[in-house]
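# Architecture at a glance
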Amino acid sequence: MELRAGGADVRAYIVIEGAERASTLLDNAVFRVVQEALTNAIKHAPGAPVEVFLQVDPSDGARIRVSNPVHANVESGVPGGTNGILGIRERVAALGGRAWLGAYEGSFIVDVSLPWLERG
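Notes on the structure in this doc start here. Each chain has its residues counted from 1, running along the sequence as written. Given that this is a predicted model, residues contribute local features only at a pLDDT of at least 70 and side-chain atom pairs are listed and counted only at 80 or more, while totals for whole chains, interfaces and linings are drawn from all residues. The side-chain quantities take in all heavy atoms of the structure and omit both hydrogens and water.

Bringing the environment of A45 into the picture now. In this structure, A45 sits in the loop between α2 (24–44) and β2 (50–57). Only protein chains enter the accessibility calculation, which uses a 1.4 Å probe; a residue is then buried when its area is under 20% of its type maximum, exposed when over 50%, and partly exposed in between. Accessibility expressed as a relative area gives 9% for A45, which makes it buried. When the C-alpha positions of A45 and P69 are compared, they lie 7.4 Å apart, and in sequence the two are 24 residues distant. Residues in contact with A45, not counting those within four places in the same chain, are N40, N68 and P69. A run of DSSP states H or I qualifies as a helix once it reaches four residues; a run of E qualifies as a strand once it reaches two. Both are numbered from the N-terminal end. Every residue pair with non-hydrogen atoms within 4.5 Å of one another is taken to be in contact.

Listed below in structure tokens is the structure:
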């Protein structure tokens with residue numbers, strides 16, 4: 001993983017079943033949500049550990065959860081425009097999924113569920 005090679009502390013738990021059956025829409029959505037969540041974590045909490053949970057299977061769809069600590073006294077120096085969060089919400093809504101993004105108990109969490117979309 002390039003992020004780890006660059007020094008990011010990413011802790012990942014990934015289980016994917018039936019990937020060959022997943023539609024391109026689902027595949028792209030999962031990739032983009034994880035990508036944007038990781039980008040936000042590294043941008044806004046540099047040096048903090050990032051936890052990634054990704055589970056995809058035909059019976060349950062996709063579940064993505066990315067979290068990182070939020071430190072009130074640490075400023076990344078990088079402005080945030082909320083475009084990444086908005087993009088995640090729009091992408092998930094377009095596929096009939098659900099997204100919860102925000103701070104909770106000292107962490108910033110991106111929690112997304114997407115329905116299974118079979119390759120056509």
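Moving on to the packing of α2 against helix α3 (residues 83–94). Describing two packed helices takes the angle between their axes plus the distance from one axis to the other. Each axis is a line fitted through C-alpha atoms, and for a helix only the stretch in contact is used; angles between axes span 0 to 180 degrees, taken between their N-to-C directions. Where α2 contacts α3, the two axes come as close as 10 Å, and the packing angle between them is 160°. Compared by their axis directions, α2 and α3 come out roughly antiparallel. When you trace α2 past α3, the crossing you get is left-handed. On α3, the residues touching A29, R32, V33, E36, A37 and N40 of α2 are G84, I85, I88, R91 and V92. Residue polarity follows a fixed list, in which Ala, Val, Leu, Ile, Met, Phe, Trp, Tyr, Cys and Pro are nonpolar, Asp, Glu, Lys and Arg are charged, and the others, Gly among them, are polar. Looking at the contact of α2 with α3 residue by residue, the classes come out as six nonpolar, two polar and three charged. Angle categories: roughly parallel below 35 degrees, roughly antiparallel above 145, roughly perpendicular from 65 to 115, and oblique for all the rest. Should the near helix be turned anticlockwise from the far one by less than a right angle, the crossing is termed left-handed; should it be turned clockwise, right-handed.

What follows deals with the packing of aromatic side chains. Each aromatic ring pair is characterised by the separation of its centres together with the angle its planes make. Classification of ring pairs uses Phe, Tyr and Trp, with its six-membered ring standing for Trp, and accepts pairs whose centres are within 6.5 Å; under 30 degrees between planes counts as stacked, over 60 as edge-to-face, and the remaining range as tilted. Per the counting criterion, the structure on display carries one aromatic pair. With a centroid separation of 5.4 Å and an interplanar angle of 10°, the aromatic rings of Y13 and F53 are classed as stacked. Placement of the pair is Y13 in strand β1 (residues 10–16) and F53 in strand β2, with a sequence separation of 40 residues. Residue classification places F53 among the partly exposed residues on the basis of a relative accessible area of 26%.

For the rest of this paragraph, the subject is the pairing of strand β3 (residues 61–69). Whether two strands pair comes down to DSSP finding at least two bridges between them. Here β2 pairs with β3 via seven bridges, running antiparallel. When the sheet's bridge partners are listed, V56 is paired in β3 with A62. The antiparallel pairing of β2 with β3 creates a hairpin that spans three residues between the two strands. Pairing between β3 and strand β5 (residues 107–114): eight bridges, direction antiparallel. Residue pairing for β5: A62 is matched across the bridge by L114.

Position of D57 among the secondary structure elements: in strand β2. Look past the residues within four positions of D57 in its chain and what remains in contact with it is E17 and W116.

Here the expected length of a helix is defined as 1.5 Å per residue gap, with one fewer gap than residues. In this model, α3 (twelve residues) spans 16 Å end to end at C-alpha, consistent with the 16 Å of a helix rising 1.5 Å per residue. Within the span of α3, buried status applies to G84, I88 and V92. Down the axis of α3, the smallest arc covering the buried residues is 65°, so these residues share one side. With respect to the buried face of α3, the exposed residues turned more than 90 degrees away are N83, E90, A93 and A94. Buried residues belonging to α3 abut α2, β4 (98–104) and β5. Directions pointing from the helix axis toward each C-beta atom define the arc.

This paragraph deals with the pattern of salt bridges. For this document, the term salt bridge refers to a Lys or Arg side-chain nitrogen within 4 Å of an Asp or Glu carboxyl oxygen. Scanning the entire structure with this criterion turns up three salt bridges. Here D9 and R11 are joined by a salt bridge, their closest N and O atoms 2.8 Å apart. We classify D9 as partly exposed; its relative accessible area is 31%. Note that R21 is salt-bridged to E118, the shortest N-O span being 3.0 Å. With R21 in the loop between β1 and α2 and E118 in the segment after β5, this residue pair connects regions lying 97 residues apart in the sequence.

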